[in-house]
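Here's the letter readout for the chains.
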Amino acid sequence: MEKSFDVVIIGGGVSGCALFWTLSEYTNIKNIAIVEKCKDLAMVSSSAHANSQTIHDGSIETNYTSQKAKKVRLSAQKVENYALRHNLQNKVIFKTQKMAIGVGDQECAFMKQRHEEFKDVFPDLEWFEKDTIKQIEPYVILGKDGKSDRPENVVGSGYKEAWCAMNFELLSKDFVERAKQKNSNNQVLLNFWVKEIRHNNDGYYLISKSGEAISAKFVLVNAGSHSLVLAQSMGYGMNLGCLPIAGSFYFVPDLLKGKVYMVQNPKLPFAAVHGDPDISLAGRTRIGPTAIAMPKLERSKHWYSGISTDLMKVNFHREIFGVLLDLLKDSEIRSYVFKNIIFELPYLGKRLFLKDAQKLIPSLKITDIEYAQGYGEVRPQVVDRTQKELELGEKKIITNKGITFNMTPSPGATSCLQNAFIDTQEIVTYLNATFDTERFLRDLSPDELN
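Residues numbered from 1 in each chain as written. Predicted model: local features only at pLDDT ≥ 70, side-chain atom pairs only at ≥ 80, totals over all residues. Heavy atoms only, no water.

A. Broad picture of helix 3 (residues 105–118). Given a rise of 1.5 Å per residue, 14 residues ought to cover 20 Å, and the 20 Å separating the end C-alpha atoms of helix 3 matches this to within 8%. All buried positions along helix 3 are accounted for by Glu-107, Cys-108, Met-111, Arg-114, His-115 and Phe-118. With its buried residues spanning 125° around the axis, helix 3 presents them on a single face. Facing away from the buried side of helix 3 by more than 90 degrees, the exposed set consists of Asp-105, Gln-106 and Gln-113. Buried-residue contacts for helix 3 involve helix 2 (66–85), strand 3 (93–103), strand 4 (126–128), strand 5 (154–166) and helix 11 (348–360). (Helix = DSSP H or I, 4+ residues; strand = E, 2+ residues; numbered from the N terminus. Expected span 1.5 Å × (residues − 1). Buried < 20%, exposed > 50% of the residue type's maximum accessible area, 1.4 Å probe, protein only. Arc of directions from axis to C-beta. Contact = heavy atoms within 4.5 Å.)

Okay, structure coming up:
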């Protein structure tokens, strides 16, 4: 006999696991399941190898407006408060310094203006002159000769100490363990790769590639790049395409004490190179990410393996190619694209990447950097065929028929509890259940109660 649930969440990454816990802890829904295609939870985008292990609250991300930072800050506080409330310090969440730096007069002027504007959102945001940065992050100021200071002016904005590093893989598993403790009816079904979703009288059948079937009254799809494929298999989101962007990292020695971000070119839709000490691998700092489009929904060992035929079905439209061609018409974007392709190549890649990395750590030598094999993952960037434009950030397809599809590229991990809060409201309304929103906010975001 098939298993039946009130809610089934497709995808066992941090977003799906956050929803699993939220439904279990704060609603009266008693029969919830996560289905995950891998052999364990958080093995794709939420893996400790797949992201920069950063709680993105908007304070040092220079591509955020102050208005976006206000929203992201509330999302980030929920994740931070969860970890601190459950005593996950130095296990899941870690304290370090973090700053965004400007290099050269133009970037320094930008950073000064940004700092003053963002003080309204982050009243305790600290300003760092070059001498202060030298004390906090000496290798950012040390010049190429390894002896004297770099000649350019450098300023920074950030915090000398903050809970800003997180292992989202372990956070995912903590969510699930607490949800299962709360309700023994809750289940996690691993190695369940959803091939097909069908309507039934009471909701939906979910059929796996191995032929196993379960049913649900409500289905929430948090399957990363696979979400759009599942949506279009049911006739939803047909106006959308997917531009999968794979990010990679390079390892350097343990030269940074905390997170150091740089000013992003506003023409480029992806993050500027930044440095993050790896919290899951002692003695290494990650520099990156690179960004390269590839016809794959997930990374695999070789560039040419794992090419997705499902993605080709989603993207085989002239409007998708038109958006890509329009992007490539801009010389700066075109140069960025080709440079990032070279970053992936043996021998040439790290020599070209070294030039970018030296803006962050000038004294780096070619012998200091090493391609981080097996690190990084694909992030789905949505293309709107109707508007003929690239949509950055998160995307949600709400059907109002008991199934919703989420695509959550960065900062999706940071926003996992905020997205769970939004999805839970939709789910309880549909199922005529209850959600203790006041307790949720009191526990995780008391500022919103005020």
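B. Layout of unusual backbone geometry. Cis rather than trans, the peptide bond between Gly-288 and Pro-289 has omega equal to 0°. The topology assignment puts Pro-289 in the loop between strand 14 (284–288) and strand 15 (292–293). Positioned with a positive phi, Asn-90 is a non-glycine residue whose angle comes to about 60°. For Asn-90, the location among the structural elements is in the loop between helix 2 and strand 3. In this structure, Asn-432 is a non-glycine residue whose phi angle is positive, near 60°. Inspection of the secondary structure assignment puts Asn-432 in the loop between helix 12 (416–431) and helix 13 (437–444). Judged by its relative accessible area of 71%, Asn-432 is exposed.

C. Representation of a nonpolar patch on the surface. A surface patch of nonpolar side chains, about 390 Å² in accessible area, is lined by Ile-342, Leu-345, Tyr-347 and Leu-348. If you trace the backbone, Leu-345 turns up in the loop between helix 10 (331–343) and helix 11. (Patch = residues over 30% accessible without salt bridge, like charges linked within 9 Å, V, L, I, M, F, W, Y side chains within 5 Å. Areas by Shrake-Rupley, 256 points an atom, 1.4 Å probe, with all protein chains shown as cover. Salt bridge = Lys/Arg side-chain N within 4 Å of Asp/Glu carboxyl O.)

D. Just the environment of Thr-386, in detail. Structurally, Thr-386 is set in the loop between strand 17 (378–384) and strand 18 (389–391). The exposed category is assigned to Thr-386, whose relative accessible area is 57%. For the pair Thr-386 and Leu-240, spaced 146 residues apart in the sequence, the C-alpha separation amounts to 7.9 Å.

E. Structural view of the environment of Leu-281. Structurally, the position occupied by Leu-281 is in the loop between strand 13 (274–277) and strand 14. With 102 residues separating them along the chain, Leu-281 and Val-383 place their C-alpha atoms 35 Å apart. Setting aside residues up to four positions removed in sequence, Leu-281 forms contacts with Phe-251 and Tyr-375.

F. Broad picture of the state of the cysteines. Tallying each qualifying case throughout the model produces zero disulfides. Between Cys-38, a cysteine without a disulfide, and Cys-17, which holds the nearest cysteine sulfur, the sulfur-to-sulfur distance is 12 Å. The exposure class assigned to Cys-38 is buried, which follows from its relative accessible area of 15%. Unpaired in terms of disulfides, Cys-164 finds its nearest cysteine sulfur in Cys-416, a separation of 16 Å. (Disulfide = S-S within 2.5 Å.)

G. View of the pairing of strand 11 (residues 250–253). Where strand 11 lies against strand 14, four bridges are found, and the strand directions are antiparallel. The residue of strand 14 that forms the bridge with Pro-253 is Arg-284. Pairing of strand 11 with strand 16 (residues 370–371) involves two bridges; the strand directions are antiparallel. Residue pairing in the sheet places Tyr-250 in a bridge with Tyr-371 of strand 16. (Pairing = 2+ DSSP bridges.)

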